[in-house]
Amino acid sequence: MMSSTGLRILAVTAHPDDAEIYIWGSLCAWRAMGATLGLVVASSGEAGVRKGHDAAGLGPRREAEARSAAQNIGLEPIFLRLPDGGLAQSDLLDRELASAMAAFAPTLVLTHDVQDYHPDHRAVSQALQRLASLKVPVLYVDTLAGTTFLPNVYVDTTAHISAKIEAIRRHQSQDPERFVRNATKQSVWRAYQCNAPDGHHAEAFRFDAHYPFSDIRQQLPPAPSLAPLSNFK
Ligand SMILES: [Zn+2]
């Protein structure tokens, strides 16, 4: 479908529930702006075996969970089916990501931070950083618990927090309630960090400006509003 805005936002993650946990509220906000969304997931998450769950058939099950979450926002994830837990710099990863980017023709790519805690996340991030250079701006995504991550872009996700929780809950193979709790805490804390009013939620990103992509404000969903500053008299 042709977007009315011309915005084409491509999220590239390592595992089937990463987008839901880190950026789902923002994807909903981009969708509300009329952007066309794409989601590429490098692995099928077959290594994410939780206690008491069966490892057999986990990859296809997790793909189905991700599809079920994504269809609520009209998104069809593409799975590269590279090894979960074994993503590393390789020609294969580069080729797969380059062809996914060429097929979608994004105006903005979202991916994990280069200093993320998870080696699979870092591998995807490093590959994209190379491949996107001079082609498309990259927006780095918040990390688990926000460690080592200093954001400079915030998206107001208050209107989309229920959709985000619902999407995380589609990942039943991952015992999702702890992710629901932690992702909610993080979005409340990120809203507090940028002085949004109480009760607001925000997701955080970092943009490293590089010529020719020095300013991407036209591609961003609305930032959180500021709480009254009367406390600072
Ligand atoms: Zn992950």
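Provided above is the structure to which this section pertains.
Residues numbered from 1 in each chain as written. Predicted model: local features only at pLDDT ≥ 70, side-chain atom pairs only at ≥ 80, totals over all residues. Heavy atoms only, no water.

Side note on the coordination of the zinc ion
And then number 1: Around the zinc ion, the protein supplies His15 (ND1), Asp18 (OD), Asp18 (OD) and His121 (NE2) as donor atoms, at distances of 2.0 to 2.6 Å.
And then number 2: Because the angles between the 4 donor atoms bound to the zinc ion fall within 55 to 130°, the donor set is best described as irregular.
And then number 3: Read from N- to C-terminus, the donor residues coordinating the zinc ion fall into the pattern H-x2-D-x102-H. Of this pair, Asp18 sits in helix α1 (residues 18-32) while His121 sits in helix α4 (residues 119-132), and the two are 103 residues apart along the sequence. The two residues Asp18 and His121 agree in class, both being buried. (Donors = N, O, S within 2.8 Å, 3.2 Å for Na, K, Ca; no water. Tetrahedral: all angles 85-135°; square planar, octahedral: opposite > 155°, others 65-115°. Helix = DSSP H or I, 4+ residues; strand = E, 2+ residues; numbered from the N terminus. Buried < 20%, exposed > 50% of the residue type's maximum accessible area, 1.4 Å probe, protein only.)

Quick notes on the nonpolar core
And then number 1: The biggest cluster of nonpolar side chains holds 39 residues, and the ones touching the most others in it are Ile23, Trp24, Trp30, Leu110 and Leu139.
And then number 2: Among the elements that take part in this core, α1 stands out by supplying 9 residues, more than any other.
And then number 3: Ignoring sequence-local partners within four residues, the contact set of Leu110 consists of Ile9, Leu10, Ala11, Val12, Ile23, Leu27, Trp30, Leu139 and Val141.
And then number 4: Counting 24 residues, the second largest nonpolar core, distinct from the first, contains Leu80, Leu87, Ala123 and Ala132. (Core = buried A, V, L, I, M, F, W, Y, C linked by side-chain atoms within 4.5 Å. Contact = heavy atoms within 4.5 Å.)

Observations concerning unusual backbone geometry
And then number 1: Geometrically, the link from Tyr211 to Pro212 is a cis peptide bond, its omega value of 5° lying close to zero.
And then number 2: Within the element layout of this structure, Pro212 appears in the segment after β7 (202-207).
And then number 3: We note that Ala105 has phi near 55°; this positive angle belongs to a residue other than glycine.
And then number 4: A relative accessible area of 44% places Ala105 in the partly exposed class.
And then number 5: One non-glycine residue, Asp175, adopts positive backbone phi at about 45°.
And then number 6: Secondary-structure assignment places Asp175 in the loop between α5 (161-169) and α6 (177-193).
And then number 7: Exposure remark for Asp175: the relative accessible area of 36% places this residue in the partly exposed category.

A closer look at the sheet that holds strand β4 (residues 108-111)
And then number 1: Strands sit in the order β3-β2-β1-β4-β5-β7-β6 across an open sheet of 7 strands; the sheet is mixed. The open sheet is flanked by β3 (78-82) and β6 (153-156), the only strands paired with a single partner. Across the sheet, the axes of successive neighbouring strands diverge by a mean angle of 25°, strand direction being ignored.
And then number 2: Together, β1 (8-13), β2 (36-43), β3 and β4 form the strand contacts of helix α3 (residues 91-104), whose direction differs from that of β1 by roughly 160°.
And then number 3: Relative to the sheet, α4 contacts β1, β2, β4 and β5 (138-141), its axis offset from that of β4 by approximately 160°. (Pairing = 2+ DSSP bridges. Axes fitted to C-alpha atoms, helices over the stretch in contact; angles between N-to-C directions.)

Digging into the side chain of Asp113
And then number 1: Tracing the chain through its elements places Asp113 in the loop between β4 and α4.
And then number 2: Relative accessible area serves as the criterion here: at 1%, Asp113 is assigned to the buried category.
And then number 3: At a separation of 3.1 Å, a polar atom in the side chain of Asp113 contacts the main-chain amide nitrogen of Gln115.
And then number 4: Every residue in contact with Asp113, bar those within four places of it in the chain, is listed here: Arg122, Ser125, Tyr140, Val141, Thr143, Phe149 and Arg206. (Polar contact = N/O pair within 3.5 Å; in protein donor to acceptor, adjacent residues only side chain to side chain.)

Considering the environment of Arg130
And then number 1: Among the structural elements, Arg130 can be located in helix α4.
And then number 2: Take Arg130: its relative accessible area is 38%, and that puts it in the partly exposed class.

A few points about the packing of aromatic side chains
And then number 1: Going through the model one piece at a time under the given rule, you end up with 1 aromatic pair.
And then number 2: Judged by centre distance (6.1 Å) and plane angle (75°), the ring pair of Trp30 and Phe205 falls under edge-to-face. On the criterion of sequence distance, the pair formed by Trp30 in helix α1 and Phe205 in strand β7 is long-range, its members being 175 residues apart.
And then number 3: Exposure remark for Trp30: the relative accessible area of 0% places this residue in the buried category.
And then number 4: Sitting above the plane of the Phe104 ring, Arg8 keeps its charged end 4.4 Å from the centroid. (Phe/Tyr/Trp six-rings, centres within 6.5 Å; stacked < 30°, edge-to-face > 60°. Lys NZ or Arg CZ within 6 Å of the ring centre and 35° of its normal.)

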